Amino acid sequence: MNLKGRSFLTLKDFTPEEIIDLIDLAAAYKEKKKKGILHDTLRGKNIALIFEKTSTRTRCSFEVAAHDLGIGTTYLDPSGSQIGRKESIADTARVLGRMYEGIEYRGFEQSIVEELAKYAGVPVWNGLTNEYHPTQMLADMLTIREHFGYLKGIKLTYMGDARYNMGNSLMIVCAKLGMHFTACTAKEYFPNDTLVAQCEKYAEVSGATITLTEDVDAGTKGADVIYTDVWVSMGEPEGVWEERIRKLSPYKVTREVMDNAGKQSVFLHCLPAFHDLKTKIGKEQGEKYGFAELEVTDEVFESEQSLVFDEAENRMHTIKAVIAATLGEGE
Ligand code: CP
Ligand code: NVA
């Protein structure tokens, strides 16, 4: 694998072999970490972490991964820099590119992270945009492979808002890696036609299949992985909640869904999740619309089939692989 100098903006830019190499590298780092073997081979480098939206997993993963590799970090919070308000993306990119060996960006349109990458002169990593969440994909694939032992041929069903970052990115990674992707949701939440057509092309090569269905019974039957995400994403207006709850409630992940998928099935969620009313937003929306839980029931979330915390841990190991591979590990 030689990804030195490359940005990591969407998995559309990476071959199946490169994706697998990154997962393998993450698994190797995970083993080192568990054994307490130091791997601070990138000492002396520094990276900037731009967050225009909030984060727990992605921010902590970048900070811990960088620290483990010997790299220094600067965190720029959603309000603490000049980006976008007083300084353009292109100017910010050129400034940060003079000080840092790499830049992470979490924020809004994909075009912003693309522009950063165009001007920075150093690798830029997408920590989530409206359209894609590629570092999350590596963690999800590592988690699935750890559990089942393989990826090709796995049936993954995504329920909920499949036209946003998570649905799009899961469809891409499944299509690239020869997995069977189903979006099981209301029609208006299917991924867009252009992206579906592009993924159909990847699928022709990899042996993957892509299915879009509104039928919960057919869409979840025999699935190895049932995946969901919040129904309203960061940056979306408060006003969309009512429609989302109305349209997406039939696609809540319940015990019946998991039973229909079968005993072999596991549950994944990128997190954070509204599986009870112990969050401010979950409580507000749950009480307003009469639910005790939103996209997944607490029973499924807390069940043996739920791998969500392994998945969250794997964010760190996989992000470490992306940083190391693109900065040139050990050089
Ligand atoms: N899954 C994920 O990206 O979580 P954060 O928003 O906490 O980073
Ligand atoms: N779709 C969610 C993912 C969070 C990790 C969002 O964009 O808020």
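The structure displayed is predicted, hence computed values, not measured ones.

Caption draft 1: Spotlight on the site of ligand 2. Close contacts around ligand 2 come from L128, N165, D229, V230, S233, M234, C270 and L271, and that covers them all. Residue D229 places a side-chain N or O atom 2.6 Å away from a nitrogen atom belonging to ligand 2. M234 places a polar main-chain atom, nitrogen or oxygen, 2.8 Å from an oxygen atom of ligand 2. Burial of ligand 2 by the surrounding chains reaches 95%, relative to a free accessible area of 270 Å². Looking at the shell around ligand 2, its residues break down into five nonpolar, two polar and one charged.

Caption draft 2: Structural context of the pairing of strand β7 (residues 209–213). In the sheet, strand β6 (residues 180–184) pairs with β7 via five bridges, with the strands oriented parallel. Looking at β7, one finds that A183 is bridged to L212. You can see the chain leave β6, run along helix α7 (residues 193–206) and come back into β7, and the turn it takes is right-handed.

Caption draft 3: Region of the structure containing helix α11 (residues 280–289). Within α11, burial applies to G282, Q285 and G286. One side of α11 carries all its buried residues, which in axial view fall inside an arc of 100°. Of the exposed residues in α11, the ones pointing more than 90 degrees away from its buried face are K280, E287 and K288. Lining the buried residues of α11 we find α9 (241–248). Count one or two residues on from α11 and you reach G290, which has phi positive near 75°.

Caption draft 4: The arrangement of the pairing of strand β9 (residues 266–269) in detail. Burial along β9 is two-sided: V266 and L268 facing one way and F267 and H269 facing the other are all buried. Both strand β8 (residues 225–228) and β9 contribute to a ladder of four bridges, which runs parallel. Looking across to β9, one finds that Y227 is bridged to L268.

Caption draft 5: The arrangement of the pattern of salt bridges in detail. Applying the stated criterion across every chain, the model contains 21 salt bridges. Of the charged contacts, one joins R59 and E63 as a salt bridge, the two residues approaching to 3.0 Å between their closest N and O atoms. Highlighted residues: R59 and E63, both in helix α2 (residues 57–69), separated by four residues, approximately one helical turn. R59 gets classed as partly exposed once you look at its relative accessible area, which sits at 27%. A salt bridge links K283 to E287; the shortest N-O distance between them is 3.0 Å. In this pair, K283 and E287 are both assigned in helix α11, four residues apart and thus about one turn of the helix distant. Judged by relative accessible area, which is 39%, K283 ranks as partly exposed. Salt bridges sharing common partners tie together D161, R163, E236 and R244.

Caption draft 6: Quick peek at the packing of aromatic side chains. All chains considered together, the criterion is met by six aromatic pairs. Arranged with centres 5.2 Å apart and planes meeting at 55°, the rings of F8 and F14 form a pair that is tilted. A relative accessible area of 2% places F14 in the buried class. Relative to W125, the ring of F62 has its centre 6.0 Å away and its plane inclined at 35°; by these criteria the two rings are tilted. Of this pair, F62 sits in helix α2 while W125 sits in strand β4 (residues 124–126); the two residues are 63 residues apart in sequence, bridging distant segments of the chain. The class for F62 is buried, based on a relative accessible area of 0%.

Rules and cut-offs
Residues numbered from 1 in each chain as written. Chains lettered and ligands numbered in written order. Predicted model: local features only at pLDDT ≥ 70, side-chain atom pairs only at ≥ 80, totals over all residues. Heavy atoms only, no water. Near = heavy atom within 4 Å. Polar contact = N/O pair within 3.5 Å; in protein donor to acceptor, adjacent residues only side chain to side chain. Areas by Shrake-Rupley, 256 points an atom, 1.4 Å probe, with all protein chains shown as cover. Nonpolar A, V, L, I, M, F, W, Y, C, P; charged D, E, K, R; others polar. Pairing = 2+ DSSP bridges. Helix = DSSP H or I, 4+ residues; strand = E, 2+ residues; numbered from the N terminus. Right-handed = clockwise from strand over helix to strand, strands pointing away. Buried < 20%, exposed > 50% of the residue type's maximum accessible area, 1.4 Å probe, protein only. Arc of directions from axis to C-beta. Contact = heavy atoms within 4.5 Å. Salt bridge = Lys/Arg side-chain N within 4 Å of Asp/Glu carboxyl O. Phe/Tyr/Trp six-rings, centres within 6.5 Å; stacked < 30°, edge-to-face > 60°.

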